[in-house]
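In case you want the letters, here they are:
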Amino acid sequence: MSAVPPSALGTSDELSTEERNLTSLTIANVRLPHEDRALASRLWRLKCKLGKVEDISLLQSRDDVKPDESNIDAQGSILIPSFCHSHVHLDKCFILDRCTIVSGEFHEALEVTGRAKAAFPLDLNDLYDRGARLIRESVQFGVTSMRAHVEVDSIVGFACLDVAQALQRKFELICDVQIAVFAQEPLFGAPGDTTPGLNFTLLQQALQRDGLTVVGSAPYVEPTIEQAKSNIALVMDLAVQYGAHLDFHLDYNLDADAEPLIYEVISQARRNHEYWTQTPLRPRPRRITVGHATRLQLFTPAQWHHLAEAIKDLPITLVGLPQSDMYMQGRQDWDQPLGAPRSTLRVPHILNEYGIEIAMSVNNVGNAFTPQGSLDPLSLCTFGVAVFQSATPADIQTLVRSVTLTSKITIGQDSAHLGLFPTRGDPADFVILHGTETLQSAVLHPAWDRTTIRAGVMVSRRQTQVWFFDVDEGNPPACPTQA
Ligand SMILES: [Zn+2]
């Protein structure tokens, strides 16, 4: 297999902003994820101009297309909205070569990753190359936007942030890399501390840089529950002060005795109700995101209804991180007959029963928190079919939405279109899944060959090359004849 750059079709790196704005693109002979089966089986022509969908028409017969810089022949393959990583770590990816996994437990992952992380500021080229690889591979899978968590603390200083901002500029034409300034380390130095330490000061300093619109933390790393709640309050105050989105790693446990801190987030958001709900106060709406939230899986139906009611008008979205959730949890009960108890937010079930739409994201790739898996958001849907026991047409739609439209809404891309089926005026951000005709097969066995389109411009094309031993050479067909 090889990644084949679109040699005949200048890559976006070669296009100026003005040229992109004038570019038009027609995608012919394409299938679209219409809910109506008959319409989903038909071929369509999609015209994009100025970064948006200009026209969609049903074809009576196959278009005769000569592929060039403004025409793609999809040859009957399906096109869906491009993917969004609503939660991915840009700095601690691809570091398994320097992390030895022995017990596989969470504290070990923190420890070995911490050691690797201490060396990040000593080799910025390594940070840059790994981050660039993450973005490139993501775009090849069909990702055109991501929320990239980047750590700022006394260990790495601003090294990860400096590199992330350089990567953001480098790739801005092909992928929207939204940086979340993230405190993975505790804000409080020791149990009993009531004022935050250096890590908080650095977080605050980072937010004074131009162009940063997200701040986040992992309250569960604080020494005490009181300090975890203070962490939430401090980071929320920063978000309000700097006009930012808020993103927590939260309730990452399956402990019925652990207090669900989602309610702390909700009550503190209510204290800043105007900021989170009244658009005129800010240039653009801001959102609160809660990643992991596996503790919520222990909720009864009544507790879920109560949570939905408590969130109500607050712009809060939960993000399931199934690859990390399933790999990391329950190891203290390893010897149980069914294995370690694990769970991840049941995306289709929670929508169907409680009306809460949930995003899914890759989180980590190639580190001690998540050694397995690729950067393909669609692989999470395949995994979800098994883990959630969800393969109905409606659930398939929900799974695909979770890695496309729901994820885009989660990171504040308020221009994202509403449906998987494109409509006129939608942003022209798509992925064509070659050799795949239906949404069902897209999820059940994702295509490797893909074309990624961002703002109406092709930014990546990946094709498989296959060589196969010719078993028929010199021989007649081996199929037996019917008696
Ligand atoms: Zn994370």
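Residues numbered from 1 in each chain as written. Predicted model: local features only at pLDDT ≥ 70, side-chain atom pairs only at ≥ 80, totals over all residues.

Looking up the protein chain in an unreviewed UniProt entry gives the name Cytosine deaminase, with the organism given as Hypsizygus marmoreus.

Turning next to the domain arrangement of the protein chain. When its domains are assigned, the protein chain resolves into domain 1 (12-81 + 420-462) and domain 2 (83-390). Put simply, the middle of domain 1 and the middle of domain 2, counted by C-alpha atoms, are 31 Å apart. With 15 residues of domain 1 at the contact, the number on the domain 2 side is 14 residues. In the side of domain 1 that touches domain 2, the residues fall into seven nonpolar, three polar and five charged. (Domains from an automatic or database assignment. Contact = placed C-beta atoms within 7 Å. Nonpolar A, V, L, I, M, F, W, Y, C, P; charged D, E, K, R; others polar.)

Attention shifts here to the pairing of strand 3 (residues 52-58). Alignment of strand 2 (residues 44-49) against strand 3, held across six bridges, turns out to be antiparallel. In the strand pairing of strand 3, K49 is matched with K52. The turn linking strand 2 back onto strand 3 is made up of two residues, and L50 within it adopts a positive phi angle of 50°. (Pairing = 2+ DSSP bridges. Helix = DSSP H or I, 4+ residues; strand = E, 2+ residues; numbered from the N terminus.)

Our focus in this paragraph is the environment of G456. Its place among the elements puts G456 in the loop between strand 15 (450-454) and strand 16 (457-462). Overall, the presence of 25 C-beta atoms within 10 Å leaves G456 in the buried class. In sequence terms G456 and E473 are 17 residues apart; their C-alpha atoms lie 45 Å from each other. If we ignore the near neighbours within four places in the chain, the residues touching G456 are T23, L25, C48, K49, G51, K52 and A428. (Buried ≥ 20, exposed ≤ 12 C-beta atoms within 10 Å, placed from the backbone.)

Right, let's talk about the packing of helix 4 (residues 124-141) against helix 5 (residues 159-170) for a bit. At a closest axis distance of 10 Å, the pairing of helix 4 and helix 5 adopts a crossing angle of 45°. What the angle tells us is that helix 4 and helix 5 run oblique. For helix 4 against helix 5, the interelement crossing comes out right-handed. Residue-level contacts link L124, L127, Y128, G131, A132 and I135 of helix 4 to A159, C160, V163, A164, A166 and L167 of helix 5. (Axes fitted to C-alpha atoms, helices over the stretch in contact; angles between N-to-C directions. Parallel < 35°, antiparallel > 145°, perpendicular 65-115°, else oblique. Left-handed = near helix turned anticlockwise from the far one by under 90°.)

So, about the sheet that holds strand 15. Spatially, 5-14-15-16 is the arrangement adopted by the four strands of the open sheet, whose pairing is antiparallel. Only two strands of the sheet have a single neighbouring strand rather than two, namely strand 5 (78-81) and strand 16. Strand-to-strand twist across the sheet, computed as the mean angle between neighbouring axes with direction ignored, equals 20°. Strands strand 15 and strand 16 of the sheet are contacted by helix 4, whose axis makes an angle of about 95° with strand 16.

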